[in-house]
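# Residue-level structure breakdown
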Amino acid sequence: MRTVLLWLHLAGFTFWAGGLFVNTIVLLPSLPAIGPAERGKLLGAYLKRFAPLAWGALAVVAITGLILTNSAIGFSTLLSFNTRYGNLLLAKIVVVAVMALNGAYLGFVLGPRMASFAPPPGGPPPAGSGEGGPPPGPPPELLDLQKRMATLSWVQVVLALVVLLVMALL
C-alpha cells in the first residue's frame, strides 16, 4: 500500500510541476507572438483545461502526503522539530503550500484578468485593428499582466526545483 501511495504522490507532483514548467517555458514566452485578443483567448482556454487537472494533482499530492507522513513519522514528530527528516519534510510542506497559494493567485486572479482582454465571441475586433482606432499593439495593462505572470511562473518553477532538492535530501 505504501508503494502505491508513494507512486501516486510522485506522479501527482510530476504532473503538477511538469505543467508549471510547460506554462513557464513554453506558453508564456509564446504569448507575444500572437495578438492581444488571442492571448486572452489562449490563456482562458489553457486555464480552463489545465487548472482542474493541476488542482486535482495537487489534491492527490496533499492527500497521499498526509497519509505517508503519518505512517512514516507521525504528525507529532513532524511538529517537534527534533529530527532532520521531520525538519526537511516540514520545509517541503511549507514550500508546496507557498506554491499552491502562488498558483491560486496565478489561476484565479491573474489568469481571468488576462482572459478579460479577449473580446466576447462575435464581439468587436481587437483594438488597433481598424482605421482611426488606438495605435496597434497590446495595451500596457496586458503587458504588465504578462510580466507579473511570467515572474510568478518562474517563482513556481524555482519552488518546484526546491521541492525536488528537498526530496532528494530526504
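To keep things clear, this report deals only with the structure shown in the data block. (Residues numbered from 1 in each chain as written. Predicted model: local features only at pLDDT ≥ 70, side-chain atom pairs only at ≥ 80, totals over all residues. Heavy atoms only, no water.)

Across its full length, the protein holds 5 helices and 0 strands. Listing each helix as α and each strand as β along the protein from the N terminus yields α-α-α-α-α. Taken across its 170 residues, the protein has 34% of its residues classed as buried. Entry remark: accessible area of the protein is about 9,600 Å², with carbon and sulfur atoms responsible for 74%. (Helix = DSSP H or I, 4+ residues; strand = E, 2+ residues; numbered from the N terminus. Buried < 20%, exposed > 50% of the residue type's maximum accessible area, 1.4 Å probe, protein only. Areas by Shrake-Rupley, 256 points an atom, 1.4 Å probe, with all protein chains shown as cover.)

Let us look at the layout of surface pockets. Counted as a void, the largest pocket has a volume near 490 Å³. What lines the largest pocket is a set of 22 residues, and nearest its centre among them are H9, G65, T69, L89 and K92. By residue number, the principal contributor to the lining of the largest pocket is helix α2 (residues 36-72), which donates 8 residues. When its residues are assigned to classes, the lining of the largest pocket shows 17 nonpolar, 3 polar and 2 charged. (1 Å grid on protein atoms, 1.4 Å probe; cavity = no way out; pocket = protein on both sides within 12 Å on 5 of 7 lines; lining within 4 Å. Points joined across faces, edges and corners; volume = space filled by probe spheres on them. Nonpolar A, V, L, I, M, F, W, Y, C, P; charged D, E, K, R; others polar.)

This part covers the nonpolar core. The biggest cluster of nonpolar side chains holds 28 residues, and the ones touching the most others in it are F13, W16, L43, M99, M114, M149 and V163. Elements with a minimum of two residues in this core: α1 (2-30), α2, α4 (84-115) and α5 (140-169). Sort the elements by how many residues they give to this core and α2 lands first, with 8 residues. (Core = buried A, V, L, I, M, F, W, Y, C linked by side-chain atoms within 4.5 Å.)

Turning next to the packing of aromatic side chains. All told, the structure shown has 4 aromatic pairs when counted by the stated rule. With a centroid separation of 5.4 Å and an interplanar angle of 15°, the aromatic rings of Y46 and F50 are classed as stacked. Note that Y46 and F50 are positioned in helix α2 at a spacing of 4 residues, about one turn of the helix. For the residue pair Y46 and F50, the accessibility class agrees, reading buried in each case. Taken together, F15, Y46 and F50 form an aromatic cluster joined through their ring pairs. (Phe/Tyr/Trp six-rings, centres within 6.5 Å; stacked < 30°, edge-to-face > 60°.)

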